[in-house]
Amino acid sequence: MSHLSASVFVRCSCGHLHWGRYGAAGLLLVDPARGVLLQRRAWWVHHGRTWALPGGAIEAGETAVDAAAREAFEETSVPADAFRAVSASVVDHGDWSYTTVLALADGAEARVANTESAEVRWVDPDDVPGYPLHRDFAAAWPHLRDRVGRELVLVVDAANVVGSRPDGWWRDRHGAAERLRDQLAKLAEAGVPDPDDPAVTWWPRIILVVEGQAKHVTGTTGAEVVAADTDGDSKIVEVVAQQKAKVLVATADRELRRRVEALGASILGPGTLRTQLDAL
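Because the structure is predicted, anything quoted here is derived from the model rather than measured.

1. Digging into the layout of surface pockets
It is a probe the size of a water molecule, rolled over the atoms, that shows where empty space is left. Considered as a void within the structure, the largest pocket measures approximately 800 Å³ in volume. Forming the walls of the largest pocket are 35 residues, and the residues nearest its centre are Trp19, Arg41, Gly56, Tyr98 and His134. Going through the elements one at a time, strand 2 (17-19), strand 4 (35-41), strand 6 (55-57), helix 1 (64-76), strand 8 (97-105) and helix 2 (135-145) are the ones with two or more residues in the lining of the largest pocket. Ranked by the residues each element gives to the lining of the largest pocket, the list is headed by helix 2, at five residues.

Structure below.
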């Protein structure tokens, strides 16, 4: 089945003219040592001579993440295996949307790779507002700045999350923990909605904390497993205290919630987590 070309201008319900029949996406690439990667648009493109992110129209059937990665490679020569996507935020105009994919890189080399770019440059995040920015990027930057360099870590209290489920926890804790681990690995790939901002999705690092008969469960791609030497709650507090990222803890234990919230973590209710897992 043929699709209509994505490479057209569309006018959204707000009255603005945008590029991309199926929406557009850009890559906010962050290098801890060099800052964020900005692209100065060529004089002849829409909003030419302004600075923004590498990006462009989403092709029919293409995900926003794939589009952002493809456009970044076409415009700056940064390959998809040089970075790790950690979150995405969507500005939705109803009949048109723009997705910013935030990704972490270390040492990625960038250069002008096609005629749509006049220059690419690594910029300190605090210096970005001083550049002549694309109108929409300038409006989005204050919100994006809060997430630059950040990632989400989801810490899961295995005993609390699956202890009440009829999936063999009391008969086979090891097997039940493995099943949860495998589900969490799929969740890491699918993404987790930000509990504070529905426009943001995270692809988290997931840490499953196990204890007792489940402590010999090993990790897998997408889901790390940490065994508690003593009680699980103390191990979870220890794990949370070690993180320098935004942390979500999946537990319904009131005392544990109090302890991790004191460390700055947010809570993801087991019911909400189970709903997300069951939807995979």
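2. Some remarks on the pairing of strand 12 (residues 197-202)
Bridge analysis of strand 7 (residues 83-92) against strand 12 gives three bridges, and the strand direction is antiparallel. Of the residues in strand 12, the one forming a bridge with Ser87 is Trp202. Pairing geometry for strand 11 (residues 192-194) and strand 12, over three bridges, is antiparallel. Directly across from Pro193, in strand 12, lies its bridge partner Thr201. Between strand 11 and strand 12, which pair antiparallel and follow one another directly, the connecting turn spans two residues.

3. Description of the environment of Arg258
By the secondary structure assignment, Arg258 is in helix 6 (residues 254-261). Given the relative accessible area of 49%, Arg258 is considered partly exposed.

4. Details of the pairing of strand 15 (residues 246-250)
Most of strand 15 is tucked away: five of the five residues are buried. Residues Lys246, Leu248 and Ala250 point to one face of strand 15 and Val247 and Val249 to the other, with burial holding for every one of them. Bridge count between strand 10 (residues 152-157) and strand 15: five bridges; the pairing is parallel. Along strand 15, the bridge assignment pairs Val155 with Val249. As paired elements, strand 15 and strand 16 (residues 266-268) share three bridges and run parallel to each other. Its bridge partner being in strand 16, Ala250 is matched across the sheet by Leu268.

5. Looking at the packing of helix 4 (residues 173-190) against helix 7 (residues 270-278)
For any two helices packed against each other, the geometry is given by the interaxial angle and the distance between the axes. Interaxial distance between helix 4 and helix 7 falls to 10 Å at its minimum, and their mutual angle equals 75 degrees. Between helix 4 and helix 7, the angle is such that the two are roughly perpendicular. Along its contact with helix 4, which presents Leu180, Gln183, Leu184 and Leu187, the element helix 7 presents Leu273, Gln276, Leu277 and Asp278. Looking at the contact of helix 4 with helix 7 residue by residue, the classes come out as five nonpolar, two polar and one charged.

Calculation notes
- Residues numbered from 1 in each chain as written.
- Predicted model: local features only at pLDDT ≥ 70, side-chain atom pairs only at ≥ 80, totals over all residues.
- Heavy atoms only, no water.
- 1 Å grid on protein atoms, 1.4 Å probe; cavity = no way out; pocket = protein on both sides within 12 Å on 5 of 7 lines; lining within 4 Å.
- Points joined across faces, edges and corners; volume = space filled by probe spheres on them.
- Helix = DSSP H or I, 4+ residues; strand = E, 2+ residues; numbered from the N terminus.
- Pairing = 2+ DSSP bridges.
- Buried < 20%, exposed > 50% of the residue type's maximum accessible area, 1.4 Å probe, protein only.
- Axes fitted to C-alpha atoms, helices over the stretch in contact; angles between N-to-C directions.
- Parallel < 35°, antiparallel > 145°, perpendicular 65-115°, else oblique.
- Contact = heavy atoms within 4.5 Å.
- Nonpolar A, V, L, I, M, F, W, Y, C, P; charged D, E, K, R; others polar.

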